[in-house]
Amino acid sequence: MSKCLTNNSNATQLEQSFIGSAQAALIRFMDPVYRGVHGLMIVGVFLIVGLWLSGNGTNAGPFDLARVLVPDEARQMVWQGGYTGGSQSGLAALDSQTSDQDIARIIYGRATFPMLKQETVALLNPEVARIQVKSISHLADQIPSSKIDPQALDSNLMAPIKNQKAVAEFFEKKYNLDKNKIEEYVSNAVLISREVKIDPVLLLAVISVESNFNPMTKSEAGAEGLMQVMTNVHKEKYALYGGVAGAVKPEVNIRIGAYILKYLIATSGSLRNGLKFYVGAGNADNDGGYADKVMAERNRIIELCKSNSNTKLAFNGKKERS
């Protein structure tokens with residue numbers, strides 16, 4: 001009986017030894033496979049990050065996967081090294097205490113940047129989207145859309161390239177502008193309107209009335225650039241873009257002007273009141289007809305876009321209404 005138990009014990013030990021050896025052999029065999037899989041995963045991550053960082057700025061093509069994983073705002077922070085840091089009467093100052101606190105939170109790293117997927121937008125001049133410039137959405141997104149007059153929200157009239165081109169040609173002829181320059185300004189307005197969440201038609205109407213699309217315009221009151229932002233009043237905002245020298249840069253001036261306009265519309269309760277404050281006539285009895293001029297220009301652009309969208313070519317090559 002004792003001998004039988006001994007034999008059984010030896011058999012069990014041999015079986016366990018064989019299983020252990022088999023497991024060890026399997027581990028040794030699978031180790032290169034595991035290493036290969038891990039290596040491929042690491043390479044894949046680096047490829048995705050590389051595509052993301054070198055994205056073409058138009059939010060289209062082979063870069064979509066990377067943009068789904070991480071938003072464009074983060075890519076801009078990597079490129080830029082992180083966040084460190086009109087013409088008639090000029091702009092009214094915003095609530096300086098509030099804006100200073102907002103800016104301070106950004107500069108000293110006490111703000112949380114929303115991780116949002118950026119919408120794809122077609123541009124008449126795609127090069128505009130390739131400019132590495134800090135987004136102002138972290139401030140604009142603090143203003144809820146529910147506080148904005150619906151007339152100031154994007155109606156997507158400027159989404160089609162053909163409408164952007166028609167508007168650019170309209171202003172090119174109206175002000176005798178360089179074709180490439182006006183296409184750059186229109187594309188900036190469309191791109192920034194998505195970032196700030198405001199109507200690009202409104203931005204273009206304000207630019208038209210304020211500066212006639214001349215970025216070098218400067219009023220006696222000190223308003224500068226396409227949207228005639230009061231440089232001395234809004235130094236803190238220009239600090240995000242390297243200082244007040246950025247006032248003449250369309251991609252900077254329109255961003256700051258669009259944010260200010262959105263803020264004023266939200267705090268004043270309507271589009272017309274916001275325009276009144278924007279021109280610096282918030283406490284005056286009237287704005288000298290400024291809001292009427294902007295609204296008239298806005299309506300002209302809207303009609304132009306609608307007319308352009310409803311026009312098609314017949315078989316004989318002549319235009320007809322659809």
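Up top you'll find the structure we're talking about.
Residues numbered from 1 in each chain as written. Predicted model: local features only at pLDDT ≥ 70, side-chain atom pairs only at ≥ 80, totals over all residues. Heavy atoms only, no water.

**A look at a nonpolar patch on the surface**
No. 1: Together, Val33, Val37 and Met41 make up an exposed nonpolar region whose accessible area comes to about 260 Å².
No. 2: One can find Val37 in helix α1 (residues 2–53).
No. 3: On the basis of relative accessibility, which here comes to 42%, the residue Val37 falls in the partly exposed class. (Patch = residues over 30% accessible without salt bridge, like charges linked within 9 Å, V, L, I, M, F, W, Y side chains within 5 Å. Areas by Shrake-Rupley, 256 points an atom, 1.4 Å probe, with all protein chains shown as cover. Salt bridge = Lys/Arg side-chain N within 4 Å of Asp/Glu carboxyl O. Helix = DSSP H or I, 4+ residues; strand = E, 2+ residues; numbered from the N terminus. Buried < 20%, exposed > 50% of the residue type's maximum accessible area, 1.4 Å probe, protein only.)

**A closer look at the nonpolar core**
No. 1: Membership of the largest hydrophobic core comes to 65 residues, with the highest contact counts inside it found for Leu202, Leu204, Val206, Leu261, Leu275 and Tyr278.
No. 2: Contributing elements (two or more residues each) for this core: α5 (137–140), α6 (161–175), α7 (179–196), α8 (200–211), α10 (250–268), α11 (271–278) and α12 (290–309).
No. 3: The element that contributes the greatest number of residues to this core is α10, accounting for eleven residues. (Core = buried A, V, L, I, M, F, W, Y, C linked by side-chain atoms within 4.5 Å.)

**Points about the packing of α6 against α12**
No. 1: Two elements in contact, α6 and α12, have axes whose closest approach is 9 Å; the angle formed by their N-to-C orientations is 130°. Judged by the angle between their axes, α6 and α12 are oblique. For the crossing formed where α6 meets α12, the hand is right-handed. Of the residues in α12, those in contact with Lys162, Asn163, Ala166, Val167, Phe170, Phe171, Lys174 and Tyr175 of α6 are Glu297, Arg300, Ile301, Leu304, Cys305, Asn308 and Ser309.
No. 2: The residue makeup of the contact of α6 with α12, split by class, is eight nonpolar, three polar and four charged. (Axes fitted to C-alpha atoms, helices over the stretch in contact; angles between N-to-C directions. Parallel < 35°, antiparallel > 145°, perpendicular 65-115°, else oblique. Left-handed = near helix turned anticlockwise from the far one by under 90°. Contact = heavy atoms within 4.5 Å. Nonpolar A, V, L, I, M, F, W, Y, C, P; charged D, E, K, R; others polar.)

**Section: α6**
Because each turn of an α-helix spans 3.6 residues, side chains separated by three or four positions end up pointing in the same direction.
No. 1: With 15 residues, α6 ought to run about 21 Å at 1.5 Å a step, and its terminal C-alpha atoms sit 21 Å apart, in line with that.
No. 2: Among the residues of α6, Asn163, Gln164, Ala166, Val167, Ala168 and Phe171 are the ones counted as buried.
No. 3: On its buried face, α6 is in contact with α7, α8 and α12.
No. 4: The first or second residue beyond α6 is Asn176, which carries a positive phi of 55°. (Expected span 1.5 Å × (residues − 1).)

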